[in-house]
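Chain and residue survey
Here is how the chains run, residue by residue.
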Amino acid sequence: MQRTHQLFQQARELIPGGVNSPVRAFKGVGGEPIFFERGEGPYMWDVDGKRYVDYVCSWGPLVAGHADPEVIRRVQETAANGLSFGTPVELEVEMARTLCQHVPSLEMVRLVNSGTEATMSALRLARGFTGRDKIVKFQGNYHGHVDALLAQAGSGALTLGVPGCPGVPESVVADTLTVPFNDIDAVEQCFNEHGNQIAAVIVEPVAGNMNCVPPVPGFLEKLREVCDRTDALLIFDEVMTGFRVGPQCAQGRYGVTPDLTCLGKVVGGGMPVGAFGGRREIMEGLAPVGGVYQAGTLSGNPVTMAAGLATLERITAPGAFEGLEQTTTRVVDGIKERADKAGIPLTTNQAGSMFGLFFTDDAPVTRFEQVKACDLDTFNRFFHAMLEEGVYLAPAAFEAGFVSLAHDETAVQETLDAAERAFARV
Ligand code: HOZ
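Read on for an overview of the structure. What you see is a predicted model, and the numbers here were worked out from it, not measured in a lab.

Thoughts on the overall build of the protein
- The helix and strand inventory of the protein stands at 15 helices and 14 strands.
- The globule rule puts the C-alpha radius of gyration for 426 residues at 22 Å, and the 21 Å found for the protein is close to it.
- Projected onto its principal axes, the C-alpha coordinates of the protein cover approximately 55 × 55 × 45 Å.
- Looking at the protein residue by residue over its 426 residues, the buried ones come to 57%.
- Taking the contacts inside the protein whose residues are at least 6 apart along the sequence as the reference set, 74% of them involve residues at least 24 apart.

Structural notes on the site of the ligand
- As a structural note, the neighbourhood of the ligand is formed by Ser21, Arg24, Trp59, Tyr142, Ser155, Asn209, Met240 and Glu399.
- Here serine 21 contributes a side-chain N or O atom positioned 3.0 Å from an oxygen atom of the ligand.
- Contacts to the ligand include tryptophan 59, whose side-chain N or O atom sits 3.2 Å from an oxygen atom.
- Compared with its free state, where it exposes 290 Å², the ligand has 87% of that area covered by protein.

What about the nonpolar core?
- Core analysis: the biggest nonpolar cluster contains 62 residues, and Leu99, Phe243, Ile335, Phe382 and Phe423 have the highest contact counts within it.
- Residues within four places of phenylalanine 243 in sequence aside, it is in contact with Val63, Leu99, His102, Val103, Cys249, Val266, Val267, Leu312, Ile315, Thr316 and Phe321.
- Counting 30 residues, the second largest nonpolar core, distinct from the first, contains Phe138, Leu223, Ala232 and Val365.

Some remarks on the packing of helix H3 (residues 90-102) against helix H11 (residues 302-316)
- As a packed pair, H3 and H11 sit with axes 9 Å apart at the nearest point and diverge in direction by 30 degrees. Considering the angle they form, H3 stands roughly parallel to H11. As for how H3 packs across H11, the hand of that crossing is left-handed. Between H3, through Leu91, Glu92, Glu94, Met95, Thr98, Leu99 and His102, and H11, the contact on the second element is made entirely by Pro302, Met305, Ala306, Gly308, Leu309, Leu312 and Thr316.
- For the contact of H3 with H11, the residue count by class is eight nonpolar, four polar and two charged.

Concerning the sheet that holds strand E8 (residues 233-237)
- The strand order across the open sheet built from seven strands is E4-E10-E9-E8-E7-E5-E6, with neighbouring strands paired in mixed fashion. In the strand order of this sheet, the two ends are held by strand E4 (108-112) and strand E6 (176-180), each with one partner. Within this sheet the neighbouring strands show an average axis-to-axis angle of 20 degrees, counted without direction.
- Across four bridges, strand E7 (residues 198-203) lies against E8 in parallel orientation. Bridge pairing in E8 links isoleucine 202 to isoleucine 235.
- Along the sheet, helix H4 (residues 115-130) makes contact with E4, strand E5 (134-139), E7, E8, strand E9 (260-264) and strand E10 (274-278), crossing E9 at roughly 165 degrees.
- The strands touched by helix H7 (residues 184-194) are E5, E6 and E7; relative to E6, the strand with the most contacts, the crossing angle is about 155 degrees.

Describing the packing of helix H14 (residues 376-388) against helix H15 (residues 409-425)
- Interaxial distance between H14 and H15 falls to 9 Å at its minimum, and their mutual angle equals 130 degrees. Taken together, H14 and H15 sit at an angle that is classed as oblique. Relative to H15, the crossing made by H14 is right-handed. Together, Phe382, Ala385, Met386 and Glu388 of H14 and Thr415, Ala418, Ala419, Ala422, Phe423 and Arg425 of H15 make up the contact between the two elements.
- In the contact of H14 with H15, the residues fall into seven nonpolar, one polar and two charged.

Conventions used here
Residues numbered from 1 in each chain as written. Predicted model: local features only at pLDDT ≥ 70, side-chain atom pairs only at ≥ 80, totals over all residues. Heavy atoms only, no water. Helix = DSSP H or I, 4+ residues; strand = E, 2+ residues; numbered from the N terminus. Rg over C-alpha atoms; globule rule 2.2 N^0.38 Å. Buried < 20%, exposed > 50% of the residue type's maximum accessible area, 1.4 Å probe, protein only. Contact = heavy atoms within 4.5 Å. Near = heavy atom within 4 Å. Polar contact = N/O pair within 3.5 Å; in protein donor to acceptor, adjacent residues only side chain to side chain. Areas by Shrake-Rupley, 256 points an atom, 1.4 Å probe, with all protein chains shown as cover. Core = buried A, V, L, I, M, F, W, Y, C linked by side-chain atoms within 4.5 Å. Axes fitted to C-alpha atoms, helices over the stretch in contact; angles between N-to-C directions. Parallel < 35°, antiparallel > 145°, perpendicular 65-115°, else oblique. Left-handed = near helix turned anticlockwise from the far one by under 90°. Nonpolar A, V, L, I, M, F, W, Y, C, P; charged D, E, K, R; others polar. Pairing = 2+ DSSP bridges.

Here is the structure:
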C-alpha cells in the first residue's frame, strides 16, 4: 500500500480531507482511502496493483461494469468529434427520448450535470409550479448537497454525524419538514398540519443513503394519495434507484407514478450527469418556456450522452435486468448464509441490483432508527477483512451496495469465498 499511502499524504495537503467527496475518506470505517487506477468488468485495481471485486460501482453508475468495451468505444468515437459545444446536439434528443420511453412519469426531461443539480432544480420547479414554499423530506434520505435538503440527511452527513450543516442559514431550511421514512402515520399527520402549504414531497423510493431500505407496502401509495389530496407534487429522487431497481426505475417496480423524477448516475454511465423530468405542464414552467430559471454550460454534452446511452442500451436490453437481479440475489443470499454459518447476526435487504448488509438480527430493517442501531464495529471489521480479501464494499455502513452486469459467476464465487474467510475473523 505504499503508493496509495503516499498519494493520500499529498492529497491531504491539497484537497480538504484528501478527497473530493466526504464518504470516500474512510472516516466511518477507519484507515485511509485507497487510490484506484484501472477497472475492467467487475474488478478494479489500486495503484499498488491489488485487484478487488467491486460492489460500489462508482456509487451506482457502472451498471455495465468497469470499462465496458461498447461504452468506451462510443465515448471515444464521440469525443473525437469534440467534447462540448454549448449548443443543442442530437445525442441529447436521443437521451431525452430514451428516458421518456423507459421512465413512466416522464413526458419531458431536462439534462443537468449531477444529481444535486437535478434535485435542486426539481425543488425550485415544484415551488414555482405550486406557488408554495414548504417541502417534505424523509429522515436518512439524501438528495445531494442542496442547502434545503441537508436537514437530517443520510450518506456522508450521517456517516460523519453532521446534525445540521454550518453555512446553511436557518431561513433556508425553515420550510423543510422532515418525517421518518416508511412511517405512513407520520406522513398523514404532517399533511394534516401543513397540507395546503406543501409544494412537494421528495423521497428516495428505495432509500439508498441509509444503507438500502425498500419502501414498506403502502408507503409510496400513501405519498401519492396525500399529494393528490392537497395538490402537492410528488418527487421521486431516482438518482440512485434509476435503472438500478428496475428497467423502469422504482416507479415502474412499485407502480406509483410521481409528478417529477430526478435521475443521475446510471444515466451518465460513469460520466457526470443529472436529469429531472415529469409531466409536460410542469416541465414547461422552466425557462425559456416558463419563468423558473435553470441553466448549465456542460448540460447535455455529447460525451456524457454517448456513455449514458450505451449504458442504458445494455441495462434495458431484454432479459438484462432480470439476470442482474438474480446475480444480486446470489451475492446477498450467499453472504447471509456465510454470516449465519459463522454465527454473526446479519440482516440483508435487496431491491433489484442494490443491496444492504446490516449487522443486526432485528429483521426486516425498514426504519432509520434500526439502521442507526446496527453494530457498526462489526461492519467496520468486516469491511476491512473483505478489503484484505480483495472485495471492495462501500466504505461506510450507511451506503447501499451495487452489482453490475459484469459480475459473473467467477466474481460472485470469489466474493462468497472471501466473505466466508472474513466472517471467520470478525
Ligand atoms: N453521495 C455518494 C454516496 N451516497 C458518494 C459519492 C462519492 O463519494 O463519490
